[in-house]
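# An overview of the molecular structure
Spelled out, the chains give:
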Amino acid sequence: MSKYQSVIAPVAALRSKKRGIVSGFFDPGTLALWHSDILTLYMKILITGSSGMLGTELCKALEGNYRTLGMDLKGPRSEGYGPQRFFEGDIAMTGDPGKVFAESGADLVIHAAAWTDVDGCELDPDRAYNVNTTGTENVCAAARDVKASVMFISTDFIFNGKKRTPYVEDDKPGPLSVYGLSKLKAEQAVAGTMERYAVVRTSWLYGKNGKNFVDTILDKASREGAVKVVQDQIGSPTYAKDLAWALKALIDAGVWEGKGVYHACNTGECSWFDLAAAAIGYAGLSDSVRMGGLTTEELGRPALRPGYSAMDNSKLQKRTGMAMRQWKEALEDYVKNDRSF
Ligand SMILES: NC(=O)c1ccc[n+]([C@@H]2O[C@H](COP(=O)([O-])OP(=O)(O)OC[C@H]3O[C@@H](n4cnc5c(N)ncnc54)[C@H](OP(=O)(O)O)[C@@H]3O)[C@@H](O)[C@H]2O)c1
């Protein structure tokens, strides 16, 4: 077999598999080998929300091994990093995902697009359900039409926060907010309609290319010299770059060929106050910034948040062999090396 043929054959095998054709020509051992190396070079992964905080990191993490396609309301942010091919589209418009997925020929859709403004969702539930739930239903319908799998990015806010040990994948959901419920309903739409899917829950994301808590605190701290931060909510902060690599590890491990729920977050837990204090420390601002604590009640936000929503990521570690970093190590890396001021 020529070098050229050895590359074409696995791609043909994947396409046949997508169409439900069982080929007697390929033996399973060889297919497994192809799947893990050569084949991945040709798999097309479409990222919804590709211009967002996670989407941008995903484009970077996947690019070397997969063909990256992106769909978002608008193109990559100027300083960001984009997919190899970008499609403008709105997941909440029934026709858009169908048109984009058909044109792109996606094998796997990482569905990261969402309306992530938790308080905004509380104040405008129609928009929240339209984007987060109906949008996900549209994504699933379009993915089924082109026989693509879906990896759906969900949230710790589907839990009610009554536990005091990290949530595992099988724990009962009980969202407290419109945002949490809109994402839980989306999870149910994925699990209820897709033959092949992964739901990946993450939490407290920060990183480049998106509005996030760490940047907000550091901006306020350096501008005003004082910050007040909530002390009675505990979770697992997660660097979007680390999450993107964890998602790649899950894809490399082939989770998109089955069904499953995974928790992917940096390891350990802390309060928003602890997170702010650590970020301020890594930015070298500890001596010049006054910090004060607040309760959730004092902050008085429209949406309720879980008091405790740390998540256990050991299922991910077992499946991929990859351990996600401790939250402090990831935060230090972001603040000292990656964050642009
Ligand atoms: N951020 C967190 O703390 C957090 C925590 C847990 C889970 N998650 C989940 O992780 C995923 C990624 O979050 P992220 O922080 O990266 O969010 P993000 O930065 O807001 O990215 C989401 C992207 O989706 C786009 N989008 C919004 N509505 C859309 C629509 N109708 N059609 C197409 N694109 C649309 C957004 O565009 P615009 O910016 O123009 O709206 C944005 O570019 C989301 O599914 C979120 O629910 C996030």
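For the structure itself, consult the block above.
The structure reproduced in this document is the subject of the present report. Computed from a predicted model, the values in this text were never measured in an experiment.

Near the ligand there are 28 residues, and of these G49, G52, L54, A114 and G210 occur at the shortest range. Looking at the shell around the ligand, the elements that each hand over two or more residues are α3 (53-62), α6 (125-145) and β5 (149-155). Per-element accounting of the shell around the ligand gives the leading share, three residues, to α3.

Moving on: helix α13 (residues 327-338). For an α-helix, the turn length of 3.6 residues means that residues three or four places apart are oriented alike. Among the residues of α13, W327, A330, L331, Y334 and V335 are the ones counted as buried. Down the axis of α13, the sector holding all buried residues measures 125°, keeping them to one side. Of the exposed residues in α13, those oriented more than 90 degrees away from the buried face are K336 and N337. Buried residues along α13 sit in contact with β7 (205-206), α8 (213-224), β10 (238-239), α9 (240-252), β12 (270-271) and α10 (272-282).

Burial along strand β8 (residues 226-230) is one-sided: V227 and V229 are buried, and none of A226, K228 and V230, which face the opposite way, are. Bridge analysis of β8 against strand β13 (residues 290-294) gives five bridges, and the strand direction is parallel. Bridge pairing links K228 to G292 in β13.

Further remarks concern unusual backbone geometry. The phi dihedral of W204 is positive, around 45°, even though this residue is not glycine. Turning to its location among the elements, W204 is positioned in the loop between β6 (197-202) and β7. At N209, a residue that is not glycine, the phi angle is positive and equals roughly 65°. Residue placement: N209 occurs in the loop between β7 and α8. Accessibility expressed as a C-beta count within 10 Å gives 19 for N209, which makes it partly exposed.

What counts, and where the lines are drawn
- Residues numbered from 1 in each chain as written.
- Predicted model: local features only at pLDDT ≥ 70, side-chain atom pairs only at ≥ 80, totals over all residues.
- Near = placed C-beta within 6 Å.
- Helix = DSSP H or I, 4+ residues; strand = E, 2+ residues; numbered from the N terminus.
- Buried ≥ 20, exposed ≤ 12 C-beta atoms within 10 Å, placed from the backbone.
- Arc of directions from axis to C-beta.
- Contact = placed C-beta atoms within 7 Å.
- Pairing = 2+ DSSP bridges.

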